[in-house]
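The lines below spell out each chain.
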Amino acid sequence: MKQSVLRRDTSAAATELGYIFTFLLGVLLLTMFSVWAWDIETATRERWNENAIQANMDDLAAAVERADEASRIGSIDYAEKVEWRATEADESRFTLVLTDTNIELIHDTGDLDTNVSISGTGAGTHVGTLTLAGIDSIWVVHYNGTTSIEYDRPQH
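What counts and what doesn't
- Residues numbered from 1 in each chain as written.
- Predicted model: local features only at pLDDT ≥ 70, side-chain atom pairs only at ≥ 80, totals over all residues.
- Heavy atoms only, no water.
- Helix = DSSP H or I, 4+ residues; strand = E, 2+ residues; numbered from the N terminus.
- Contact = heavy atoms within 4.5 Å.
- Buried < 20%, exposed > 50% of the residue type's maximum accessible area, 1.4 Å probe, protein only.
- Phe/Tyr/Trp six-rings, centres within 6.5 Å; stacked < 30°, edge-to-face > 60°.
- Salt bridge = Lys/Arg side-chain N within 4 Å of Asp/Glu carboxyl O.
- Polar contact = N/O pair within 3.5 Å; in protein donor to acceptor, adjacent residues only side chain to side chain.
- Core = buried A, V, L, I, M, F, W, Y, C linked by side-chain atoms within 4.5 Å.
- Patch = residues over 30% accessible without salt bridge, like charges linked within 9 Å, V, L, I, M, F, W, Y side chains within 5 Å.
- Areas by Shrake-Rupley, 256 points an atom, 1.4 Å probe, with all protein chains shown as cover.

A. Focus on the side chain of Ser137. Of note, Ser137 is situated in strand S7 (residues 137-143). Excluding residues within four positions of it along the chain, Ser137 makes contact with Lys81, Val82, Glu83, Trp84 and Tyr151.

Dropping the structure here:
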């Protein structure tokens, strides 16, 4: 019969500890990569959102300028549909205000507030306040000396 003798061999324990530390290092690196990728995705989404909002505002301002140009021709009615690009923001928290000198986009928290200047050279006044919840277009209308922004096509 063969007898075995116990020895104090620590090389196997060192190998096991190496495996554990290698695993933990991998978990740490994957976690860091995930956070980094999430930050890039969030920054890209925010930049796209801001660019879409600015493009929407520029399109709306251009339509108001065209309505002002039409109003200077004489007693004329004008209507133009402006497509509103979708954004990542909660648009029910946006209010759009048209004044004689600018178009303001007001966000409840103030994070996405912006405005675009308009010339205000139309023959008449500019008025209008809209909440952007669930819309895909805005109508710019000049009728009876007033340029306004509206939800629906004018029925005049």
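B. Local environment of unusual backbone geometry. Unusually for a residue other than glycine, Asn144 sits at a positive phi of about 55°. Tracing the backbone through its elements, the reader meets Asn144 in the loop between S7 and strand S8 (146-150). Asn144 sits in the exposed class, given a relative accessible area of 63%.

C. Here's a closer look at the packing of aromatic side chains. Tallied over the full model, the rule gives 1 aromatic pair. Here the aromatic rings of Phe33 and Trp36 are separated by 5.6 Å at their centres, their planes lie at 45°, and the arrangement is tilted. Placement of both Phe33 and Trp36 in helix H1 (residues 11-73) is noted, with a separation of 3 residues, approximately one turn of the helix. Taking the relative accessible area as the measure of exposure, Phe33 reaches 48% and is therefore partly exposed.

D. Just the pattern of salt bridges, in detail. Applying the stated rule across the entire model yields 6 salt bridges. Salt-bridge contacts for Arg45 lead to Glu41; the nearest nitrogen and oxygen are separated by 2.8 Å. Of this pair, Arg45 and Glu41 both sit in helix H1, separated by 4 residues, roughly a single helical turn. Take Arg45: its relative accessible area is 31%, and that puts it in the partly exposed class.

E. Spotlight on the environment of Asn56. Looking at the element boundaries, Asn56 is found in helix H1. Asn56 sits 28 residues away from Trp84 along the chain, and the two C-alpha atoms are 5.9 Å apart. Beyond its immediate stretch of four places on either side in the chain, Asn56 contacts Glu83, Trp84, Arg85 and Thr87. Separated by 2.8 Å, the side chain of Asn56 and the backbone nitrogen of Arg85 make a polar contact.

F. Seen up close, the nonpolar core. Core analysis: the largest hydrophobic core is formed by 24 residues, its most contacted members being Met57, Leu96, Ile103, Leu132, Ile138 and Val140. Among the elements of the structure, H1, strand S2 (94-98), strand S3 (102-107) and S7 are those that each provide at least two residues to this core. Those residues in contact with Leu96 that lie beyond four places of it in its chain are Met57, Leu60, Ile103, Glu104, Leu105, Gly128, Thr129, Leu130, Leu132, Ile138 and Ile149.

G. Up close: a nonpolar patch on the surface. Together, Leu17, Ile20, Phe21, Phe23, Leu24 and Val27 make up an exposed nonpolar region whose accessible area comes to about 610 Å². Inspection of the secondary structure puts Ile20 in helix H1. Here Ile20 falls in the partly exposed class, since its relative accessible area comes to 44%.

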